[in-house]
Structures are given as C-alpha cells and as structure tokens.
Protein chains: 2
Amino acid sequence: MSNSFSRRNFLQTSALAGTGTLLTSTLQANNLDMILDKDSIGKSKWDLDTPALVVDLDKMDRNIKAVHTRLQGSGVGVRPHVKTHKSPFIAKMQIAAGAVGVCAAKLGEAEVMLENGIKNVLMTTVNVTAPKIIKAIALRKKHKGFIQAVDNPQNIQDLQDAAKAAGIKAEVVLDIDVIRRSGVPPGEPAMLLAQMIDKMPNLRFCGILAYDGGVQHVVGFKKRQAQALKAYEPVIKTYEMMKAAGMNMEIFSGAGTGTYDIMSVVPGFTDVQVGSYVFMDRQYIEIGGARNEKVFDDFETSLTVMSTIVNNYHAGRLTTDSGSKAFTLNKPNPLVLGEPDFNYNAGSDEYGVITFEKSNKTYKVGDKLELVAPHCDPIVNLYDVIYGTRNDKVVQVIPVLARGKSQ
Amino acid sequence: MSNSFSRRNFLQTSALAGTGTLLTSTLQANNLDMILDKDSIGKSKWDLDTPALVVDLDKMDRNIKAVHTRLQGSGVGVRPHVKTHKSPFIAKMQIAAGAVGVCAAKLGEAEVMLENGIKNVLMTTVNVTAPKIIKAIALRKKHKGFIQAVDNPQNIQDLQDAAKAAGIKAEVVLDIDVIRRSGVPPGEPAMLLAQMIDKMPNLRFCGILAYDGGVQHVVGFKKRQAQALKAYEPVIKTYEMMKAAGMNMEIFSGAGTGTYDIMSVVPGFTDVQVGSYVFMDRQYIEIGGARNEKVFDDFETSLTVMSTIVNNYHAGRLTTDSGSKAFTLNKPNPLVLGEPDFNYNAGSDEYGVITFEKSNKTYKVGDKLELVAPHCDPIVNLYDVIYGTRNDKVVQVIPVLARGKSQ
C-alpha cells in the first residue's frame, strides 16, 4: 500500500482546508459579466469577432432531448459528461431534459458545477492527493449530491479518514478498468475494493462505473457494438459478482456518445455518460450510426467555429485567423461548411491555411467561414464563452465557467 | 480590390466604437486576484495541485538577459513576441532587460499588453474586419506606441479612413510574405503598397516585417542558417528597393528563437521577434545551436508541467492526470525529467499514459512528475496562471492575462 503523503501531513493539511478552496468559483460567478460579451446579443454569427465558438441552440436543444427519446423504454438513464461543455448553463438544460445528474472529469469541474446550481455530480476520476481529497470532502459536506470515483485501497482509506474528520458519510463508486488507463482491474481485485469500501464507516458504496473509451470511435455501428460488448464482458461479470454478494448497485454507469444505444442489453446498467452528443464533431460524425451506417446522424452538429480570411494572395490557398489556438491539433482537420474540397490545416498556432483545387465562390480578405470542429471537448476548453444562436443570431452568451479546470 | 463591409457600415460602426472595446482588459486587471492562487506562495512546486504550469524564474531571468548578451555588438535588437507567454508580467521583464518593445499576434493580446503597462507593441498580423480596425485605431489613439502590420490595399485604405475619423496618424509596418501564409509578396507588390501607405495622410510608414516561420525548426545550425538566408533573399531585395526609394525603414523586424543569431548579416535588419527563448520546449531543444550542434542550449528550459500519477496497476505503464487539455497534442511527446526511457502519450483529453521498459524508481499513485512541454506557446494558452519558482519554491503567481485572446 503506497502513499505519497504521510498521515500526519494529511491531517495537518485537513485543518487548513475548506475555506480557500471553495472561494474561487463563487468569485467567478460574481464576475461573470467580465467575460460575457453582452454587446454581441442580437448580432448575426457572421458579424462576431473571430475566432468565435458558436452553438446553434435549436440544434443543441434537439440533441439534449433526442438522447432521452432514443433511450425511452430501454431502462437506461442519462448522466451527461460536463467535460465536453464545461458550462453550468448547458448542464442545467441537460438536467431539465431529464438527466439523472452530470459527470465531471476533474475536481475543479465538479466544484464549478456544484457551486453554480447543479445538484448531482458524479466525478469519474479519482482524487489521489491530500489537497484534492480534502477539497472533495469539503465539497461533499456542502453538496449532498456529490459522488466520487475511487479505484485503489490507499485512496479509499484516505477518503474515509477525511470524511470521518469532516463528520460526514461520503458516496463513492468504484471505477472498473476497461482500457488500462484508469480504474481497478475487474473481477477479484474490484470485488476486494468494493468490500473494503463497504466496511468503511464514513463511506457509502453506490456501485460502479466503467468507461469503454477504446471503442467510442470504431467506425460502423455493428462493429462498434460487438467490440463494446466484448470489452464489457469482464465488467458485467464483476457487476454480477457484486450483485450476488448483495452490494448496493444503484449506479452502473459508463459508455459515451459512440455507444449510448448499445448498453441496454447490459444487465443492471443504469446510465450513459454521453458528452459530445450536445455538440457533435467530425470525429463522431464519421463513425456511422445504427440508422445511418455512413454518417452518425443521431445528433445534429450544433457547434461551429467562425473564422475570418486574412490573406488570399496565392491561387488555391487562403489564410485564416484560426490556427491551433482556435481549433487544437485534433484530427481530422476542421471542416469548412459549404466547401467540401477545402483542406483546412490548423497546424500553425495563430493561422489556419486552406488549400483547394475548386471552391464554390471567390473569397475576399475579411470574408467569414464557418467550420465544424475536429473534436469538441478540447476546443471548448480554449474559449471563455460560447455564443448561443437561434436562426444565426446570438441570443445567449454562454460562459465556459470550468474552462481550464484541468485540476 | 475587395471589401467585406461597405464604407457606410464601416462608418456607422465607427461611430459606436471605442468605449466597449477597451473595457475588458481594464476589468480584467481589476479582477486579477480572482485567478491568482495566492495561497500557493511559498509552496514547493512538488506540492502544487496538478496539472500545474511552472516557470523557473532564475532560468527565465537568465534567458531574458542571454538574448541581449549574445546579440551584443551585432546591431540587432530584440522585440520579443508575447504570443508565447501572454503575460504583461513577463513582457515587463523583457522590456527591463533592454527589449525595444514587444510583438503581439492578435489584437486582443496587444490590448492586454497596452492596457497593462507595456508601452511599445508591434502587432504582427493584420486587422481586416471593421470591428478590429476600429478597435485597433482606438487603441492607437490611447497608446502612442502601438504599431500595426498591414499587407493589402483595402486594409490600408480602411485603416486610413479609421485613423482620419479618429483624428490621428497611425504607425504601420508592411508584412512581407516569406512562407505564403501572411504578408504581401516581396518585390514590386510590396513596393506598391509601401508607396500607397506613404501617400496616406493619416498613416505613417515605419518599415517592414518578415517572418521566416518555415525554417525555425530546421535541425542543425548551418543548415538552418543557409535556409533562412536563402528564404530571406527576396525580402532583402525588397528592403533595398524601399531604402533606395527613400522610404522610412526604421523597422526591419523578423526571425525567431531558431534564427535569432543568424540575422546580423541581413542589411538594415533591426530586431528579432524571439518568443520561445524565455521558456524553451522540446521542439526547440532538438534543433541544435551554433555552439552545440546536438542540443540548442543557448537558452535554458525554464518551463515545465507538474503532473500526478493516478494509476499504476499495470507493469510498464502509468496513468497521470495530464492529457491533451494540459499539454496540447504537439509533438514530440512531453519529456519526463529524470526518466529518459518514459514515453509520454498526451493523446487522451484528461489523462496522460506513460509506457516504459525501465524506470529509475518505482512510482506510486500520488507521486508527482515534472515534464518539459512539446511546444511552449499553445500550452501556455491552456492555463490561467504560471507558477514562478526560485529554488523550486513558488515566489510569484503570474497571470496569463491574454490567455485565450485569439481574436
């Protein structure tokens, strides 16, 4: 059993905890106006200063509703992952549509959600350092709906100690390893940890989560379905062992946008941790879906980036103001709407470079382009706000309050 | 001659300009405490919540001085590019060390610098839309040391109109195309634009800039030197044409960290736009320098990322809390200090995955790692603050005030 901080240090730090840690997001909420570009309300998306991140609210509304409609009768609930949008505004829309709560990847994200009106947050990664554990327990003390993932014995003991010191009983779920990245290996190792948690007086075991990250982008629905269920076999066995042992299995959470409609056959499975479905991106569009093998059109592409052409001196070549600081380096390349022949290279930090053989119009310097992002999660993490539009006009400036909260 | 906004619209927008645009960064300066994690002062960098971006201030101090020492007697000045650090705090250190001013890539960056105590800012990209031109002229009206790049006739006319409306004479430099990304092609096209600017009553022509972005990372000093000077030949001819025509050539700016010590042979060249030299990164370390062909050690690696191990269940494999939202997807992979055999994959959004055959110690969950970034500019753009350390203790929390200012 390993530990990078001594018990003594842990308790010393505990004594100082709680005050400073919860302050940041409250201040942030008070300073919302600072990052909100209110003057943009009523503008056409084509008149926004660029690069600008834009979401079509009508399409996003439909996506947020569609996941529930599609899962109706399957017995599978929805617990959307906020790592995608990092915005309490969008999380509230998801809750209003029937989500059982949200997931958060990082403690900083969970804090922003809980401190801004989201009551039920499941944190899907483990908190392994003393400051994070102390902050997590302080959050749980304040917000009853905060549930944390655990995956190793030391971590369970530390959470127990911190919960005891805070005088609370904290809810935990066990993260089960699917892709050798996070979680405890399934089967016996997982069972031992579940039993360990069950014996802790200040922890409450609430079930398991298991994320099949390796299959989300497998192209072709049937292939993806087969691989997802195969990868999940050890998880299902682990669930059944725990169920048979009489453990509390109220949560069995997992999957993503690529596998949300595959999990209803998994015994005991409770909810899908879909993230990208609100926005969609090139990576997901191209995997194909259950009803359309070529294009994954279960959800609409609501998120785009507006860019401006800054140079057109060379034939078959255009430079824009949107490089890797606007798009990330994720592949495939950003897609220019209306110009299927354009190859957009966002490899420069400050500039995008388009090469093409044919175009549907002649582009001038100052002309705007609208592009689909390669991968929605990290691109949102570059922007302070998302401009929410209806009929191409800005009606809402959405603060990305948990932007940069990678801690 | 093309234009995406009509003259009438341009003037209408002009009438509304000036107030809202300059407000943001003033508010930002007032709210600095919000993003500053003051509790971290005095902490060891090994105790920071992770992922954390850290700069060794002693090393950065030496880098900031070294570029001047190395260029002493060459007749070449230093105009550091703030796109790298996006921080007025570091820009002030650069000015104090003898920089003639700073460069900014985007108008938002220029604004943050000018509104936070940096007097001389050269913006190296063109402002091509009405709102940007209006904002740029408002900035120039307030701050005499703001110089802008131009590269096309419409843009020159628009700047002239806006400067006239504002009742000022605005300084401009002409961006000369080297890598077919920005700027006007060298030779006659550039000469025509220079003459056009010279005739504008409200613009003042101050010279040229030309960035040889394509050669900065050529491996091997002599090869890089030869390619840089070859690529610069048309720019030098353009300079000589303008000089012979009696134009004001007080600025002839260009180059970067990879070519800063190559430019003294270029006639009339005034200053290098070095950025990465303050921090260094894997991309630059590996190009080799004039005194060390293998390692580019003219500057020290001052910037690192602190990460925490969150999973160690599998032999030869460790998971950390720092993925692409902490490192970007730039190549080569982040380098784990002290573990040359570690291969660090930051391809997941939230997790880093290390694979290795041998390690110098056994790593526990909760252990910290220190890593060198692949590419410093876009990684800084992910973080709200950089922790400044001396002897590994935090002595300064540096706000990345222009983070996300890609507009």
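Residues numbered from 1 in each chain as written. Chains lettered and ligands numbered in written order. Predicted model: local features only at pLDDT ≥ 70, side-chain atom pairs only at ≥ 80, totals over all residues. Heavy atoms only, no water.

For clarity, the threshold we go by: UniProt positions are given in the numbering used here, feature names are shortened, and annotations may be inferred rather than shown by experiment.
In the annotation of an unreviewed UniProt entry, chain A is listed under the name D-serine deaminase, pyridoxal phosphate-dependent and assigned to Daejeonella lutea. Here chain A is described in UniProt, under the heading Sequence similarities (unreviewed entry), as follows: "Belongs to the DSD1 family."

## A look at the confidence of the model for chain A
All names here are of chain A. Quick note on the threshold: Within a predicted model, pLDDT stands for the predictor's per-residue confidence, ranging from 0 to 100. A contact between two residues is defined here by any heavy atoms of the two lying within 4.5 Å.
Averaged over all residues, the pLDDT of chain A is 92; the fraction at 70 or higher stands at 91%. For the stretch residues 1-30, pLDDT sits under 50, and the model shows 52 contacts to residues farther than four places along the chain or on other chains. For this predicted complex, the interface score ipTM comes out at 0.93, alongside a pTM of 0.93.

## Re the pattern of salt bridges
Pairing between side chains of opposite charge can happen when the charged atoms of each approach one another. Let me state the cut-off plainly: Each salt bridge in this description consists of a side-chain nitrogen of Lys or Arg and a carboxyl oxygen of Asp or Glu lying within 4 Å of one another. Accessible area is worked out with a 1.4 Å probe on protein chains only. A residue is then buried under 20% of its type maximum, exposed over 50%, and partly exposed in between.
Summed over the entire model, instances satisfying the criterion amount to 42 salt bridges over all chains. With its nearest N and O atoms 3.5 Å apart, the salt bridge here joins Lys 364 of chain A to Asp 367 of chain A. Given the relative accessible area of 27%, Lys 364 of chain A is considered partly exposed. Overall, Asp 367 of chain A belongs to the buried group, its relative accessible area being 7%. A salt bridge links Asp 298 of chain B to Arg 291 of chain B; its shortest N-O distance comes to 3.3 Å. With a relative accessible area of 4%, Asp 298 of chain B lands in the buried category. In this structure Arg 291 of chain B comes out as exposed when scored by relative accessible area, which is 52%. Where salt bridges share partners, they join Arg 140, Glu 171, Arg 204 and Glu 250 of chain A into one cluster.

## Looking at the nonpolar core
Keep this limit in mind: Note on terminology: a nonpolar core comprises buried Ala, Val, Leu, Ile, Met, Phe, Trp, Tyr and Cys residues joined through side-chain atoms within 4.5 Å.
Counting 179 residues, the largest nonpolar core has Leu 174 and Met 242 of chain A together with Leu 174 and Met 242 of chain B as the members making the most contacts within it. Here Met 242 of chain B is in contact with Leu 174, Ile 176, Ala 190, Met 191, Ala 194, Phe 205, Ile 208, Met 247 and Met 249 of chain B, once residues within four sequence places are set aside.

## Here's the deal with the sheet that holds strand β2 (residues 77-78) of chain A
Residue and element names in this part refer to chain A. Selection criterion: Strands are labelled as partners when DSSP assigns at least two bridges between them. Helical segments are the DSSP runs of H or I of at least four residues, strand segments are the runs of E of at least two, and each set is numbered from the N terminus. Every axis corresponds to a line fitted to the C-alpha atoms, with the helix fit spanning only the stretch in contact, and the corresponding angles, defined between N-to-C directions, vary from 0 to 180 degrees.
Sheet architecture is open: eight strands sit in the order β2-β9-β8-β7-β6-β5-β4-β3, paired in parallel fashion. Both edges of this open sheet fall to β2 and β3 (102-104), since each of them pairs with a single strand only. Bridge analysis of strand β7 (residues 203-210) against strand β8 (residues 251-254) gives four bridges, and the strand direction is parallel. Note that in β8 the partner of Ile 208 across the bridge is Phe 252. Across the face of the sheet, helix α7 (residues 130-142) comes into contact with β5 (146-150) and β6 (170-175) while running at roughly 150° to β5.

## What to know about the interface of chain B and chain A
Quick reminder of the rule: What counts as buried area is the accessible surface, traced by a 1.4 Å probe, that two parts surrender upon association, with contributions from both included. In protein, a polar contact requires one atom able to donate a hydrogen and another able to accept it; more generally it is a pair of N or O atoms within 3.5 Å, and residues adjacent in sequence count only if both atoms are side-chain atoms. Three categories are distinguished: nonpolar for Ala, Val, Leu, Ile, Met, Phe, Trp, Tyr, Cys and Pro, charged for Asp, Glu, Lys and Arg, and polar for the others, with Gly belonging to the last.
Facing the 69 residues of chain B at the interface are 69 residues of chain A. Summing both partners gives a buried area of about 5,700 Å² for chain B against chain A, and 51% of it is carried by carbon and sulfur. The interface formed by chain B and chain A contains four salt bridges. Lys 132 of chain A serves as the salt-bridge partner of Asp 49 of chain B, at 2.7 Å between the closest nitrogen and oxygen. On inspection of chain B and its partner chain A, the count reaches 32 residue pairs in polar contact (both at pLDDT 80 or more). Mapped by element, the contributors of at least two residues to the side of chain B that touches chain A are α2 (19-30), β10 (303-311), β11 (317-320), α12 (324-327) and α13 (376-380) of chain B. The element that contributes the greatest number of residues to the side of chain B that touches chain A is β10 of chain B, accounting for four residues. Residues that form the side of chain B that touches chain A fall into these classes: 21 nonpolar, 26 polar and 22 charged.

## A word on the pairing of β7 of chain A
Residues and elements named next belong to chain A. The following threshold applies: Clockwise travel from the first strand over the helix to the second, with the strands pointing away from the viewer, marks a crossover as right-handed.
Counting buried residues along β7, seven of its eight residues qualify, which places the element largely inside the surrounding structure. Where β6 and β7 come together, five bridges link them in parallel fashion. Bridge pairing in β7 places Ala 170 opposite Leu 203. On the question of chirality, the crossover connecting β6 to the parallel β7 by way of helix α9 (residues 188-199) is right-handed. With respect to chirality, the unit in which β7 leads through helix α10 (residues 221-244) into the neighbouring parallel β8 is right-handed.

## Description of the packing of aromatic side chains
For the record, the criterion: A pair of Phe, Tyr and Trp rings is counted when the ring centres sit within 6.5 Å of each other, with Trp represented by its six-membered ring. The angle between the planes then sorts it: under 30 degrees is stacked, over 60 is edge-to-face, the rest tilted. We count a charge as sitting over a ring when the NZ of a lysine or the CZ of an arginine lies within 6 Å of the ring centre and within 35 degrees of the ring normal.
All told, the structure shown has 22 aromatic pairs over all chains when counted by the stated rule. Where Phe 327 of chain B meets Tyr 344 of chain B, the ring centres are 5.3 Å apart and the plane angle is 70°; that geometry is what we call edge-to-face. Pair noted here: Phe 327 of chain B is in helix α12 and Tyr 344 of chain B is in strand β13 (residues 343-345), with a separation of 17 residues, a long-range link. Each of the two residues, Phe 327 of chain B as well as Tyr 344 of chain B, counts as buried. Joined through ring pairs, the aromatic side chains of Tyr 260, Tyr 277, Tyr 284, Phe 296 and Phe 299 of chain A make up one cluster. In this arrangement the basic side chain of Lys 83 of chain A is found over the ring face of Tyr 211 of chain A, its NZ or CZ atom lying 5.3 Å from the centre.

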